[in-house]
Amino acid sequence: MNDQTPDRYVTFMGIACDTNADRLCEMLAARMAGNDSRWVTYFETKLAENARMGHDRLRFIGAQVNALMSFFEEEDDAEALALLWHIEHHCL
């Protein structure tokens, strides 16, 4: 049996981790815009720290999985939650 499911323990090829991380961060920015959630200030601080340290978006997501999940749940954003789950299980 030949399983074609990408396996991060074998290779990251076909998983598009960086592309998906970029997409999730764009979704985050869109949700943060004009939002008065307590999470907005938190993510602004963490994104600035991430940039100052020179880390990429995938590293940011890995460090903020639980906070991102809470924010997207609060926002009832099923698409972002699904993408976060995918990144967590295939890229981190």
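Residues numbered from 1 in each chain as written. Predicted model: local features only at pLDDT ≥ 70, side-chain atom pairs only at ≥ 80, totals over all residues. Heavy atoms only, no water.

### Points about the state of the cysteines
- Tallying each qualifying case throughout the model produces one disulfide.
- One disulfide in the model links Cys 17 with Cys 91; its S-S distance is 2.2 Å. Between Cys 17 and Cys 91, the S-S dihedral sits near -90°, and the bridge is therefore left-handed. Taken together, the residues Cys 17 in helix α1 (residues 17-32) and Cys 91 in the segment after α5 (78-90) connect sequence positions 74 residues apart.
- Since its relative accessible area comes to 7%, Cys 91 is described here as buried. (Disulfide = S-S within 2.5 Å. Helix = DSSP H or I, 4+ residues; strand = E, 2+ residues; numbered from the N terminus. Buried < 20%, exposed > 50% of the residue type's maximum accessible area, 1.4 Å probe, protein only.)

### A closer look at the side chain of Asn 35
- You can see Asn 35 is positioned in the loop between α1 and α2 (38-52).
- By relative accessible area, Asn 35 is classed as buried at 18%.
- There is a polar contact of 2.7 Å between the side chain of Asn 35 and the backbone nitrogen of Ser 37.
- If sequence neighbours within four positions are ignored, Asn 35 has contacts with Val 40, Phe 71 and Glu 75. (Polar contact = N/O pair within 3.5 Å; in protein donor to acceptor, adjacent residues only side chain to side chain. Contact = heavy atoms within 4.5 Å.)

### Some thoughts on the packing of aromatic side chains
- The tally for this structure, following the rule as stated, stands at six aromatic pairs.
- On the basis of an interplanar angle of 70° and a centroid distance of 5.4 Å, the ring pair of Tyr 42 and Phe 43 is categorised as edge-to-face.
- Residue class for Tyr 42 comes out partly exposed when judged on its relative accessible area of 31%.
- Counting every residue linked through ring pairs, the aromatic cluster contains Trp 39, Tyr 42, Phe 43, Phe 60, Phe 71 and Phe 72. (Phe/Tyr/Trp six-rings, centres within 6.5 Å; stacked < 30°, edge-to-face > 60°.)

Honestly, it's all geometry; don't read function into it.
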